[in-house]
Amino acid sequence: MNEPDKNKIDKEDFHLNFPINKGYIKRRKIYNNIAFILAVVAFIIGGFPVFHIVYSAFIVGYKYLNWHFISTLPTGFPIGAQGGILNAIVGDLYLIVIASCLALPLGIGSGFYLSLFGKKGINSIIRLLNELMVGIPSVVWGVMGFYVLSTNAGLGFHFGFSALAGGLTLGFIMTPIITLLTEQAVNRIPASYIEGALSMGATKWQATKSVVVKAAMGGIFTGILLGVLNIIGQTAPLLFTNYYNTGMPTGITGPGGAVGDLAMLIFIYIHEPSRILHYKAEAASFVLLFFVFALDIGMRLITRLTVKIFEFF
Amino acid sequence: MFNLKYKDDFYKLILSVFIFGIILIFLTVVAVMLYYSYPAIIRYGLPFLWTKEWNPPKEIFGAATFIAGTFMVTFLALIFAVPLSLGIGIFLEEYCPAFLRGFFTIIIEILAGIPSVVFGVWGVLTIVPWLRDSIEPFFEKHFSYIPFLKVEENIGYGILAASFVVTFMILPIIASITKDSLASVPKIIKDGAFATGATKLDVIRDVSLPHAYKGIYGGIVLGFGRAVGETIAVVLLIGNQAVIPKSLFGVGYTISAVLANTFTFAVISHIYASSEVELALILLLVSLIINLLGRNVLKRVIGGKFSRSQFGGG
């Protein structure tokens, strides 16, 4: 009968002995809200240029954005005042194809080597080299491309200012990206896939052919698209290796081998003291941004899809 | 090493040719820079780094002006970009509602893919008029007595315009690495802090940031490396005058801008070209050292993971 009610006593003790400084709690909550608002403001400032760049490119260049602009060569005076940017689009295709011819075998092959045959030492060295090469400024690649590929004096390949020299220089930039992402893609394949193939008596070549390529396809494509995305906007390396051509190329080396390029076209047009060319530079920026965003979205879709496929199996 | 009796060894041989290709590319870059800058290094020696005069006809070459311009643009860009990207990283990882996080992250990552020439055009047609018409007259009116904020020529071009644009180019790198580092903080530590009654700010300040600061530091270093080598946007915006800017609104010149503007003319003269290549060598060495520092830190914090933002858009 005389037993005390435990719950009641506990509750009272708790309330009596636990000090609560209401002002302190309030202050911390206010600080938290201020931090939240600052973070949101930072995000808005950071995200603003994405929209404003697209918006300003569109608002200035919209009257040139038609089929005629994409399908004709630049004419008029100053060159480009009339006509479109066909030379740049064709030139970009030339450059992407030439760069891919160098970078795809080199990058994918090295990626396979590192993940299938690699040992710890060589892997870390090659990985380090690739990571360093990703960080080398593009203008340095341009100087290197000039001396190795373009120049007609001294050592080097003497390609002249041409699509081949420009494309190979862009290929140098593209190679480390593809290597890193291929290695990452192959390493992400569950080890049991490759081990399963090897345990059935397959050689590593057969395992590559039938298992690795299929399973890592998404990651490799991501790497390729990221590489193309990277080189499509490069201007600085092309300044010294391919400059610009207002017409169609007649070859890929020597005189007449230079090609137009979208980024280069924008760079040259914005330098001209002509309002029309500035507007056309913005219109061309919009076209370039369209390609860049299309590649970016394609890359994300491929990554998503392959993740889904993995889950499916 | 290779026994061609086995098919795999043949496969390995072919693949190792590609590996040698990569090593060859890297060595070629370094070798070309060293070989072609050798005459200038011999002739001008170390004083090349602190001589202010750049006079091709008299064959006096010194890189001090350009080095100063490069580092001023880079540091200004970092001053703007670091707080912003810390805020963005914290917002995306801690405050953002989960269903919007993916979309918001894509917005920041897409910023990394925008080509630098497009940034340059945006700067010329948007940032420069804004600085010229609003910001510079305001500072001229109210702050002209502060030497560092004096407006010498009200033209909009200059290191401020260049660093504004470079800010947005390095922002996605730092922001996404900050986000990844914050994501690598073990959830259980954070939950422990929340259980003691901490607010989100307390957790970020006392738990997440101390845990993630190394990764953030690595991100800042990588952002620095990208900003140092930035060429095309800077050429369009910096004003291209070989003077050391005395104020925030002054014009200047950076190493990459000199190369982009004059390298093809420089080739006519042996020593001129050699000096320009020495400038490129400086850029190369800075970028190699910076990336070596940054990657080593990052490898320890977020593993070998790559985020899309670490590969620029040109």
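Throughout this description, residue numbers start from 1 for each chain and increase along the sequence as written. Chains and ligands are labelled sequentially in the order written, the chains with letters from A and the ligands with numbers from 1. A pLDDT threshold of at least 70 governs which residues receive local features in this predicted model, and a stricter bar of 80 or more applies before side-chain atom pairs are shown or counted, although totals over entire chains, interfaces and linings include all residues. Calculation of side-chain values draws on the structure's entire complement of heavy atoms; hydrogens and water are dropped beforehand.

Helix numbers and strand numbers start at the N terminus; a helix is a DSSP run of H or I with at least 4 residues, a strand a run of E with at least 2. If you tally the helices and strands in chain A, you get 12 helices and 0 strands. In chain A, the succession of helices and strands from N to C terminus is α-α-α-α-α-α-α-α-α-α-α-α. Radius of gyration here is computed from C-alpha atoms only, and the compact-globule reference equals 2.2 Å multiplied by the residue count raised to the power 0.38. In terms of overall size, chain A is more extended than a compact globule, its C-alpha atoms giving a radius of gyration of 29 Å where 313 residues would be expected to give roughly 20 Å. Counting only C-alpha atoms and orienting by the principal axes, one finds that chain A spans roughly 110 × 65 × 40 Å. The buried share of chain A, reckoned over its 313 residues, is 53%. Within chain A, contacts between residues at least 6 apart in sequence are counted, and of these 73% link residues at least 24 apart. To be clear on the numbers: accessible area is Shrake-Rupley with a 1.4 Å probe, and residue cover counts the displayed protein chains and nothing else. For chain A, the exposed area adds up to about 15,200 Å²; of that, 68% sits on carbon and sulfur atoms. Charged-residue counts in this description rest on Lys and Arg as positive and Asp and Glu as negative, His and the chain ends being excluded. To locate a charge, the coordinates of NZ of Lys, CZ of Arg, CG of Asp or CD of Glu are taken. In chain A, the 21 positive side-chain charges and the 14 negative ones have mean positions that sit 3 Å from each other. Exposed residues in this analysis have more than 50% of their type's maximum accessible area, buried residues have under 20%, and partly exposed residues fall in between, with area computed by a 1.4 Å probe over protein chains only. For this analysis, residues touch if any pair of their heavy atoms sits within 4.5 Å.

This paragraph deals with the overall build of chain B. What chain B contains, in helices and strands, is 10 helices and 2 strands. Helices and strands in chain B line up, N terminus first, as α-β-β-α-α-α-α-α-α-α-α-α. Reported as C-alpha extents along the three principal axes, the dimensions of chain B are approximately 80 × 70 × 35 Å. Looking at chain B as a whole, 60% of its 314 residues are labelled buried. As presented, chain B carries roughly 12,800 Å² of accessible surface, and 69% of it is formed by carbon and sulfur atoms. Side-chain charges of chain B comprise 23 positive and 19 negative groups, with the mean position of each set lying 6 Å from the other.

Contact residues are listed per partner, giving 81 residues for chain B and 87 residues for chain A. Buried area is calculated as the accessible area (1.4 Å probe) missing from two parts once they are joined, with the contributions of both summed. Between chain B and chain A, a total of about 7,800 Å² is buried, with carbon and sulfur atoms accounting for 79% of that surface. Between Glu-109 of chain B and Arg-300 of chain A there is a salt bridge, with the nearest N and O atoms lying 3.1 Å from each other. For this analysis, a polar contact is any N or O atom pair within 3.5 Å, provided that within protein one partner can donate a hydrogen and the other can accept it, and provided that sequence-adjacent residues contribute only side-chain to side-chain pairs. In this assembly, chain B and chain A are joined by 9 residue pairs in polar contact (both at pLDDT 80 or more). Sorting elements by how many residues they give to the side of chain B that touches chain A places helix H1 (residues 7-44) of chain B first, with 19 residues. What counts as a salt bridge is simple: a side-chain nitrogen of Lys or Arg found within 4 Å of a carboxyl oxygen of Asp or Glu.

With that settled, the discussion passes to the domain arrangement of chain A. All names here are of chain A. All domain edges in this entry derive from an automatic or database-based domain assignment. For chain A, the domain assignment lists domain 1 (6-62) and domain 2 (67-312). Taking only C-alpha atoms into account, the centre of domain 1 sits 42 Å from that of domain 2. Facing 7 residues of domain 1, the contacting portion of domain 2 comprises 7 residues. Interface area for domain 1 against domain 2, summed over the two sides, is near 590 Å², with a carbon-plus-sulfur share of 83%.

Here we take up the side chain of Asp-8 of chain B. Its place among the elements puts Asp-8 of chain B in helix H1. Here Asp-8 of chain B is buried and forms no salt bridge, its nearest opposite-charge partner Lys-204 of chain A lying at an N-O distance of 5.7 Å. If we ignore the near neighbours within four places in the chain, the residues touching Asp-8 of chain B are Phe-117, Thr-203, Lys-204 and Trp-205 of chain A.

What follows covers the pattern of salt bridges. Using the criterion set out here, one finds 12 salt bridges over all chains in the structure. Here Glu-94 of chain B makes a salt bridge to Lys-190 of chain B, at a shortest N to O gap of 3.5 Å. You can see Glu-94 of chain B sitting in helix H2 (residues 64-95) and its partner Lys-190 of chain B sitting in helix H6 (residues 187-195), a full 96 residues away along the chain. Across the pair, Lys-190 of chain B and Glu-94 of chain B agree in class, each one buried. Here the residues in one salt-bridge network are Arg-28 of chain A together with Asp-202, Arg-205 and Asp-206 of chain B, joined through shared partners.

This part takes up the packing of helix H6 (residues 138-150) of chain A against helix H7 (residues 163-188) of chain A. All names here are of chain A. Taken N-terminus to C-terminus, the directions of H6 and H7 make an angle of 135°; their axes are 9 Å apart at the nearest point. When the interaxial angle is binned, H6 and H7 end up oblique. Where H6 crosses over H7, the two elements pack in a sense that is right-handed. Together, Trp-141, Gly-142, Met-144, Gly-145, Leu-149 and Ser-150 of H6 and Ala-165, Leu-168, Thr-169, Phe-172 and Ile-173 of H7 make up the contact between the two elements. When residues are sorted by character, Ala, Val, Leu, Ile, Met, Phe, Trp, Tyr, Cys and Pro go into the nonpolar class, Asp, Glu, Lys and Arg into the charged class, and all the rest, Gly among them, into the polar class. Of the residues that constitute the contact of H6 with H7, the class distribution is 7 nonpolar, 4 polar and no charged. In this description, a line fitted to the C-alpha atoms serves as the axis of each element, helices being fitted only across the stretch in contact, and the angle between N-to-C directions of two axes falls anywhere from 0 to 180 degrees. Angle categories are assigned with fixed cut-offs, so that under 35 degrees is roughly parallel, over 145 is roughly antiparallel, 65 to 115 is roughly perpendicular, and the rest are oblique. Crossings are classed by handedness, with left-handed meaning an anticlockwise turn of the near helix from the far one by less than a right angle and right-handed meaning a clockwise turn.

With that settled, the discussion passes to the nonpolar core. Within the largest apolar cluster, 192 residues are counted, with the highest numbers of intra-cluster contacts made by Phe-112, Val-140, Trp-141, Val-143 and Tyr-147 of chain A together with Met-33 and Phe-119 of chain B. A domain-level breakdown of this core finds at least three residues from each of domain 1 (6-62) and domain 2 (67-312) of chain A. With residues near it in sequence (within four places) discarded, Phe-112 of chain A still touches Phe-117, Thr-182, Val-186, Thr-208, Val-212, Val-213 and Ile-220 of chain A together with Tyr-11 and Leu-15 of chain B. Nonpolar cores are built from buried Ala, Val, Leu, Ile, Met, Phe, Trp, Tyr and Cys residues. Side-chain atoms within 4.5 Å join them into one set.

Negative phi characterises most residues that are not glycine, and trans characterises most peptide bonds. Going from Phe-77 of chain A to Pro-78 of chain A, the amide bond is cis rather than trans, its omega being -10°. Phi is positive for Asn-240 of chain B, which is not a glycine, with a value near 55°. Structurally, Asn-240 of chain B is set in the loop between helix H8 (232-237) and helix H9 (255-266).

On to the side chain of Thr-199 of chain B. Inspection of the secondary structure assignment puts Thr-199 of chain B in the loop between H6 and helix H7 (200-229). Overall, Thr-199 of chain B belongs to the buried group, its relative accessible area being 12%. Beyond its immediate chain neighbours, meaning those up to four positions away, Thr-199 of chain B contacts Arg-28 and Asn-32 of chain A together with Phe-194 of chain B.

With that settled, the discussion passes to the packing of aromatic side chains. Two aromatic rings from Phe, Tyr or Trp, using only the six-membered ring of Trp, form a pair when their centres are within 6.5 Å; if the ring planes differ by under 30 degrees the pair is stacked, by over 60 it is edge-to-face, and anything between is tilted. Applying the stated rule across the entire model yields 38 aromatic pairs over all chains. Clustering of aromatic rings is evident, with ring pairs tying together Phe-146, Tyr-147, Phe-161 and Phe-240 of chain A together with Tyr-35, Tyr-36 and Phe-263 of chain B.

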